[in-house]
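Topology and contacts: notes
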Amino acid sequence: MKYQIKETKDLTETEIEHILELWDISAWNTMKAAYFHTFFKNSEFHFLMDAHENILAIMRINFDFTLKIADTDYSFAEAVGLVAAHKKKGYGAALVRSFKENALQRNMETIGFCHSDLRPFYEKCDIEILQDKAKMIKESIGSQWVNSEDDDILIFHTSQERKELLNQLSSQNNAYLITKE
């Protein structure tokens, strides 16, 4: 198995088709390569590949992720879209561990999110979990601010100061997801 990182612009049409197939998001299933390159231009893709260059697991890093906490903007790399080609073989966990090591080496402030039922998986991968803190992040839906659907914030790598800021989130101290137009 080989850990590999590719920028969006370096992905082939075949790789993009495979990624979309693995993600299986109906709104994206017909996405063409040119649009994929534009849509995910500020992303990086992390793979676990087999000896024949087949994707065993994938994760996307979103560099367009900013939270406003107490009137200050904090940018993070956001780890999203983790999926393994085959379940229960350890590929997802192996990719998470390789990615965490990469984020540490690059000193890349990286967080992710999950539902509470995925806590055991991330605990097994030795990822620090701020339980029930993702619910304190508000996202703009139309003209309203609504709570995030995720439960937990995953700490892949971040400074102690930022971790404490995230851990202090509460219903009286929300974070707001800032979307770039």
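Our subject is the structure that appears above.
Just so we're clear, the structure is a prediction, and the values are computed from it rather than from any experiment.

Of the residues making up helix H5 (residues 160–167), those classed as buried are Arg162, Lys163, Leu165 and Leu166. Each buried residue of H5 sits inside an arc of 160° when the element is viewed along its axis, so together they form one side.

In terms of nonpolar packing, the biggest core is built from 23 residues, with Phe99, Tyr122 and Phe156 touching the most fellow members. Counting residues per element, the ones that place at least two in this core are strand S3 (55–69), strand S4 (72–84), helix H3 (91–105) and strand S9 (152–157). The element contributing the most residues to this core is H3, with seven residues. With 18 residues, the next largest nonpolar core counts Ile69, Tyr74, Leu130 and Ile137 among its residues.

Another point: the pattern of salt bridges. Think of it this way: side chains of opposite charge can pair up when their charged atoms draw near. A full pass over the atoms with the stated rule returns 12 salt bridges. With a shortest N-O distance of 3.5 Å, lysine 9 and aspartate 10 are connected by a salt bridge. Arginine 119 is the salt-bridge partner of aspartate 152, the closest N and O atoms lying 2.5 Å from each other. Linking aspartate 152 in strand S9 with arginine 119 in helix H4 (residues 119–124), this pair joins segments that are 33 residues apart in sequence. On the basis of relative accessible area, arginine 119 is assigned to the buried category, the value being 16%. Within this structure, Glu7, Lys9 and Asp10 form a network of salt bridges that share partners.

Further remarks concern the side chain of serine 148. Checked against the element boundaries, serine 148 lands in the loop between strand S8 (144–147) and S9. Reaching out from serine 148, the side chain makes a polar contact with the backbone nitrogen of aspartate 150 at a distance of 3.1 Å. Ignoring sequence-local partners within four residues, the contact set of serine 148 consists of Ala134, Lys135, Ile137 and Glu139.

Parameters at a glance
- Residues numbered from 1 in each chain as written.
- Predicted model: local features only at pLDDT ≥ 70, side-chain atom pairs only at ≥ 80, totals over all residues.
- Heavy atoms only, no water.
- Buried < 20%, exposed > 50% of the residue type's maximum accessible area, 1.4 Å probe, protein only.
- Helix = DSSP H or I, 4+ residues; strand = E, 2+ residues; numbered from the N terminus.
- Arc of directions from axis to C-beta.
- Core = buried A, V, L, I, M, F, W, Y, C linked by side-chain atoms within 4.5 Å.
- Salt bridge = Lys/Arg side-chain N within 4 Å of Asp/Glu carboxyl O.
- Polar contact = N/O pair within 3.5 Å; in protein donor to acceptor, adjacent residues only side chain to side chain.
- Contact = heavy atoms within 4.5 Å.

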